[in-house]
Every structure is written in structure tokens, then in C-alpha cells.
Amino acid sequence: MSGFLAELWDFMRERKKFWLAPIIIMLLLLGGLIILSEGSAVAPFIYTLF
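So, a few notes on the structure that sits alongside this text. What you see is a predicted model, and the numbers here were worked out from it, not measured in a lab. (Residues numbered from 1 in each chain as written. Predicted model: local features only at pLDDT ≥ 70, side-chain atom pairs only at ≥ 80, totals over all residues. Heavy atoms only, no water.)

A few words on the overall build of the chain. A tally of regular secondary structure across the chain gives 3 helices and 0 strands. For the chain, the proportion of its 50 residues judged to be buried stands at 10%. Here the chain displays about 4,500 Å² of accessible surface, and carbon together with sulfur accounts for 74% of that area. (Helix = DSSP H or I, 4+ residues; strand = E, 2+ residues; numbered from the N terminus. Buried < 20%, exposed > 50% of the residue type's maximum accessible area, 1.4 Å probe, protein only. Areas by Shrake-Rupley, 256 points an atom, 1.4 Å probe, with all protein chains shown as cover.)

For the rest of this paragraph, the subject is a nonpolar patch on the surface. Judged by side-chain polarity, Ile25, Met26, Leu29, Leu30 and Leu33 come together as a nonpolar surface patch covering roughly 450 Å² of accessible area. Relative to the helices and strands, Ile25 resides in helix H2 (residues 20-37). (Patch = residues over 30% accessible without salt bridge, like charges linked within 9 Å, V, L, I, M, F, W, Y side chains within 5 Å. Salt bridge = Lys/Arg side-chain N within 4 Å of Asp/Glu carboxyl O.)

What follows is about the pattern of salt bridges. Applying the stated criterion across every chain yields a total of 1 salt bridge. One salt bridge in this structure joins Arg13 and Asp10, with 3.2 Å as the shortest N-O distance. Highlighted residues: Arg13 and Asp10, both in helix H1 (residues 2-15), separated by 3 residues, approximately one helical turn. Residue classification places Asp10 among the partly exposed residues on the basis of a relative accessible area of 34%.

Turning our attention to the packing of aromatic side chains. Tallied over the entire structure, the rule returns 1 aromatic pair. Relative to Phe18, the ring of Trp9 lies with its centre 5.7 Å away and its plane at 55°, an arrangement referred to as tilted. On the basis of relative accessibility, which here comes to 42%, the residue Trp9 falls in the partly exposed class. (Phe/Tyr/Trp six-rings, centres within 6.5 Å; stacked < 30°, edge-to-face > 60°.)

For H1, which comprises 14 residues, the first-to-last C-alpha distance of 20 Å matches the rise-based estimate of 20 Å (1.5 Å per residue) to within 8%. At the C-terminal side of H1, Lys16 shows a positive phi close to 60°. (Expected span 1.5 Å × (residues − 1).)

Next comes the structure, spelled out in C-alpha cells:
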């Protein structure tokens, strides 16, 4: 996984695509939130966001 992240960072730095970083971070955070909340008491509140 760290090799993928290093390669992604090199791509963004070389091609000046730093605007991709916030999008990737938000996707990772939302994905983690959905995975962690699956089957928990917080799930109904998260589903109302979408």
C-alpha cells in the first residue's frame, strides 16, 4: 500500500496535479466512515447524509 501511495504522490508532484489530493483524502475518509459504521448504531445517521 505504501508503494502505491508513494507512486501516487510522485505522479501528483511531477504532473502538478495537487488539486487531486483533497478529492482523494475525502474519498478515503468517506470510505472509512462507511466501513466503520456498517452495522453500528451510527448507521442511520450516516445514511441520511447520502
